[in-house]
Structures are given as structure tokens and as C-alpha cells.
Amino acid sequence: KRKKKRYSEKRLVEKLVNKNATNEEIEFIINKLKTSGLINDEELLKDLIEISNSKLFGRLRILDEIKKQGLSLVDADKLLPYEKEDEKFAQFIEETNKKLINLPKLKKIEKIKQKAINYGYNQEQIDSIDYNSLLDDEDNEIISLEKELKTAVLRLEDKYDGKLLKDKVFKSLMGKGYSYNSIDILWEEYINEINKWITWWRKS
């Protein structure tokens with residue numbers, strides 16, 4: 001069963017005004033709803049912050065949502081201590097990094113930064129991220145790049161060869177966030193392996 005949307009007192013008053021309710025009617029309705037506990041800004045604020053924190057949203061996004069809901073930013077500030085924000089941000093980075101483990105370094109950094117912005121973390125927090133600690137698994141990236149390189153070659157070798165094939169493969173892989181140097185190293189290994197097989201075939 002779908003839960004009914006809860007409104008703050010301010011937003012409910014706005015809705016009643018839009019329905020051309022008189023001041024007396026608005027006051028009567030608001031008082032009735034308060035008495036019955038159907039509107040409670042304090043509880044609504046606490047619930048909104050609790051849900052937002054559980055989703056690891058940052059302070060900026062939470063405050064923006066609170067403002068949209070017509071709730072008190074002053075009261076919200078008391079419920080969002082900065083020391084808790086740092087703990088939450090660390091958890092956000094850890095969980096985001098796990099989800100992006102198979103992405104190449106440059107793409108991973110780009111995704112983490114963008115997601116941090118979308119989640120409402122400030123620039124100072126984003127600048128404080130130690131990306132080196134998140135990018136220490138070189139083996140995963142090499143394995144991933146090897147697969148991507150082979151896939152790109154198989155997809156493009158029927159249309160291109162020589163330098164044009166190399167350019168197309170490099171462009172494709174760099175577009176996925178792999179660095180030129182990493183691609184170049186694996187490309188040289190790939191070409192050397194091909195040349196070995198050609199030499200063996202000619203001798204046999």
C-alpha cells in the first residue's frame with residue numbers, strides 16, 4: 001500500500017491558500033491536524049534527516065530537501081552535526097568505491113566526484129578524497145583493460161588495420177577512462193604476441 005505524502009505546516013497552508021480557503025478555515029484545519037498528530041514539523045524533519053542519512057546523502061542535499069519541504073533550516077542545522085557528516089562521507093566513499101571496482105582509474109575518479117556532488121557533499125570534502133588509497137588495485141585494472149582491448153580489436157579489426165586500427169582502439173579505450181600509457185603498454189604486448197605467432201607460422 002502506497003504511503004500518503006506528508007506535508008509540513010507551511011506547505012499545507014500554501015495548498016489551502018491555492019484552494020481559496022479563508023484565513024479562518026486555514027487556521028481551523030491546521031489546528032485540527034496538529035491536534036490529531038497528522039502534521040508535525042518536528043517529527044517530519046527528524047524522519048527526513050534520518051532517511052537521508054541512511055541513503056548517505058550529504059548536508060547540502062539534505063538542507064535543500066528540507067527547504068523544499070518548507071521546514072526550518074535552523075532546527076535542521078542542530079540535527080546535522082559536522083562530525084557525523086565526516087563519518088558519513090567516509091562511508092559514502094568506501095561504498096561507492098566498492099561498486100566501481102572494475103572501472104579504470106580515470107573513470108572511477110570521475111564517477112566518484114560526480115556522485116559526491118549529486119549526493120550533496122561540498123567541494124572541500126570532495127577535494128579531501130585520497131584517490132591513491134582507492135586506486136591501489138592495479139591488477140584489477142590491468143585484467144579489465146586486457147579484456148576491453150581484446151574486445152575492441154575483435155570489434156574493429158574487420159574494418160581497420162595497421163595504424164588506423166590502433167588509433168580506433170586507443171580512442172575507444174581512452175573514452176572508457178583508461179590512460180594512454182596503460183593502453184600503449186598492453187598494445188605493445190599484444191602486437192609482440194601477434195608477431196610471435198606470425199613468425200612461428202611462417203617457420204612451421
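Our structure is the block above this text.
Definitions and cut-offs
Residues numbered from 1 in each chain as written. Predicted model: local features only at pLDDT ≥ 70, side-chain atom pairs only at ≥ 80, totals over all residues. Heavy atoms only, no water. Helix = DSSP H or I, 4+ residues; strand = E, 2+ residues; numbered from the N terminus. Buried < 20%, exposed > 50% of the residue type's maximum accessible area, 1.4 Å probe, protein only. Contact = heavy atoms within 4.5 Å. Salt bridge = Lys/Arg side-chain N within 4 Å of Asp/Glu carboxyl O. Patch = residues over 30% accessible without salt bridge, like charges linked within 9 Å, V, L, I, M, F, W, Y side chains within 5 Å. Areas by Shrake-Rupley, 256 points an atom, 1.4 Å probe, with all protein chains shown as cover. Lys, Arg positive; Asp, Glu negative; His and termini not counted. Charge placed at Lys NZ, Arg CZ, Asp CG, Glu CD.

### Some points on the environment of Leu 71
Inference 1: Mapped onto the fold, Leu 71 is located in the loop between helix H4 (59-68) and helix H5 (73-78).
Inference 2: Leu 71 sits in the buried class, given a relative accessible area of 8%.
Inference 3: Considered as a pair, Leu 71 and Glu 42 are 29 residues apart in the sequence and their alpha carbons are 8.6 Å apart.
Inference 4: Discounting chain neighbours no more than four positions away, the residues touching Leu 71 are Ser 8, Asp 41, Leu 44, Leu 45, Leu 48 and Ile 66.

### Topic: the pattern of salt bridges
Inference 1: Overall, the coordinates contain eleven salt bridges when judged by the stated rule.
Inference 2: In this structure, Glu 14 and Arg 11 form a salt bridge, with 2.8 Å as the shortest nitrogen-oxygen distance. One end of the pair, Glu 14, and the other, Arg 11, are both in helix H1 (residues 9-18), three residues apart, so they sit about a helical turn from each other.

### Regarding a negative patch on the surface
Inference 1: On the surface, Glu 83, Asp 86, Glu 87, Glu 124 and Asp 127 cluster together into a negatively charged patch.
Inference 2: Taken together, the elements giving at least two residues each to the negative patch come down to helix H6 (82-99) and helix H8 (123-127).
Inference 3: Broken down by element, the residue count for the negative patch peaks at three residues, all from H6.
Inference 4: Locating Asp 127 in the fold gives a position in helix H8.
Inference 5: The exposure class assigned to Asp 127 is exposed, which follows from its relative accessible area of 55%.

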